[in-house]
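# Close look at the chain arrangement
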Amino acid sequence: MTSGSDPIAALAVLGDESRRRLLDFVRRARRPVTREEASAAVGISRKLAAFHLDKLVASGLLQSRHGGHGPRRVGRAPKVYEPTPHTLSLSLPPRRHDLLASLLTEALTAQKQGENAQEAALRVAEARGEAVGAEARAGDIMATLESLGFEPAEEGAGRTVLHNCPFHPVAAQAPDLICGMNQAFLRGCLTASGHPETTAVLTPQPGICCVELRTDR
C-alpha cells in the first residue's frame, strides 16, 4: 500500500460484501467507472454505492477524481473511481520479501568484475542499509527498524534482540547468503544513522532474527 496506509484497516473495510464486490468490479473494469455504473453492476442504490466507494478510497484501495463522461450533476463532471497502483500486503509477523527481492535483483544486475554473486549481494545490502540509515539519522533508529519489521527490543547489557526476521522463511533456505545480507544491511543502517558504537552481530537462534545489535557502553 501507499506509505501511511494501514493494511489492517484496509482489510477491515473489505469486511463488507458490497465493498468487496465494488472493488472487484472497479478493478476488472480496466477503466474509470462512475457511481452509477458501480451501483448497477453490484445491484445497490447509487447513494449506497457512493458511500462504499468513498470508504474504499479513504482506505487507499481505490482512487477517485472528477472526469467521467456520465450524466453531470450541478454542471460538474461525474466522480469516477479506479484502482490505485499500490499493492495491499499484510503479513503477521511482518515480512519484507519485497525488500529482499529488490536487493537480490540489484546485486545480480550490478555485479562488478571480479566479484562473485554473494559479494555483490553483501555490498548492495550494506549500501541500501546506509541509504535507509541516512534517512533515519535525525530520528529514532529503533523506530526505523520497527517499521522494517525487525521488532527490536533492548535486553540489557547493551544487547538489542531483533525478535522477528523480515526475510523468513527465505533466510532459513539460504542462511549464509540471506543472514549475511541482513547483517550487512543492518551494519550499513547503523553506521549511516550515526550509531558507530553499535554493531550488528550474527547470533543465530531459533525463532528470532539471526542478527543481534550490541552497543559498547
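Located above this text is the structure these notes cover.
Let me begin by describing the structure that accompanies this report.

Parameters and conventions
Note that residues are indexed from 1 along each chain, following the sequence as it is written. Side-chain atom pairs in this predicted model are given and counted only at pLDDT of 80 or more, local residue features only at pLDDT of at least 70, and totals for whole chains, interfaces and linings cover all residues. Computation of side-chain values: all heavy atoms of the structure, hydrogens and water removed. What we call a nonpolar core is a set of buried Ala, Val, Leu, Ile, Met, Phe, Trp, Tyr and Cys residues that are connected through their side-chain atoms within 4.5 Å. Burial classes follow relative accessibility: with a 1.4 Å probe on protein chains only, a residue under 20% of its type's maximum area counts as buried, one over 50% as exposed, and anything between as partly exposed. Elements are defined by DSSP. Helices are runs of H or I of four residues or more, strands are runs of E of two residues or more, and each kind is numbered from the N terminus. In what follows, a contact means two residues having at least one pair of non-hydrogen atoms within 4.5 Å. Note on pairing: DSSP must find at least two bridges between two strands before they are called paired. In this analysis the probe radius is 1.4 Å and the grid spacing 1 Å, with only protein atoms considered; a cavity is a set of points the probe fits into but cannot get out of, a pocket is an open set with protein on both sides within 12 Å along at least five of seven lines, and lining residues have an atom within 4 Å of a point. Grid points are joined across faces, edges and corners, and a volume is the space filled by probe spheres set on the points. Three classes are used: nonpolar for Ala, Val, Leu, Ile, Met, Phe, Trp, Tyr, Cys and Pro, charged for Asp, Glu, Lys and Arg, and polar for all others, with Gly counted as polar. Each residue after the first adds 1.5 Å to the expected span of a helix. Any Lys or Arg side-chain nitrogen located within 4 Å of an Asp or Glu carboxyl oxygen qualifies as a salt bridge.

## Structural notes on the nonpolar core
Of all hydrophobic cores here, the largest spans 30 residues; its most connected members are Phe150, Leu162, Met181, Phe185, Leu186, Val211 and Leu213. Broken down by secondary-structure element, the contributors of at least two residues to this core are α5 (97-109), α6 (117-136), α7 (141-147), α9 (175-192) and β7 (211-215). For this core, the element with the most residues is α9, which contributes eight residues. Not counting residues within four places of it along the chain, the set of residues in contact with leucine 213 comprises Met142, Leu145, Gly158, Arg159, Thr160, Leu162, Leu190, Thr198, Thr199 and Ala200. Counting residues in each nonpolar core, the second largest holds 16 residues, with Val13, Ile44, Ala49 and Leu62 among its members.

## Describing the sheet that holds strand β2 (residues 62-66)
Reading across from one edge, β1-β3-β2 is the order of the three strands in this open sheet, with antiparallel pairing throughout. Taken across any chain shown, the strands that pair with only one partner, and hence form the sheet edges, are β1 (33-34) and β2. Pairing analysis gives five bridges linking β2 to strand β3 (residues 79-83), with the strands arranged antiparallel. Pairing of glutamine 63 across the sheet is with glutamate 82, part of β3.

## Structural notes on the layout of surface pockets
Its boundaries defined by the atoms lining it, the second largest pocket holds a volume of some 230 Å³. The wall of the second largest pocket is formed by 13 residues, among which Cys165, His168, Gln205, Gly207 and Ile208 lie closest to the centre. Class assignment of the residues belonging to the lining of the second largest pocket gives a composition of eight nonpolar, four polar and one charged.

## A few points about helix α4 (residues 46-58)
Taking 1.5 Å of rise per residue, the 13 residues of α4 would be expected to cover 18 Å, and the 18 Å separating its terminal C-alpha atoms lies within 8% of that figure. Among the residues of α4, those classed as buried are Ala49, Ala50, His52, Leu53 and Leu56.

## Considering the pattern of salt bridges
Scanning all chains against the criterion turns up 12 salt bridges. Between glutamate 126 and arginine 187 there is a salt bridge, with the nearest N and O atoms lying 3.2 Å from each other. Within this pair, whereas glutamate 126 is found in helix α6, its partner arginine 187 is found in helix α9, the two being separated by 61 residues in sequence. Accessibility expressed as a relative area gives 23% for glutamate 126, which makes it partly exposed. Between glutamate 212 and arginine 214 there is a salt bridge, with the nearest N and O atoms lying 3.0 Å from each other. Overall, glutamate 212 belongs to the buried group, its relative accessible area being 4%. Connected via shared salt-bridge partners are Arg35, Asp54 and Lys79.

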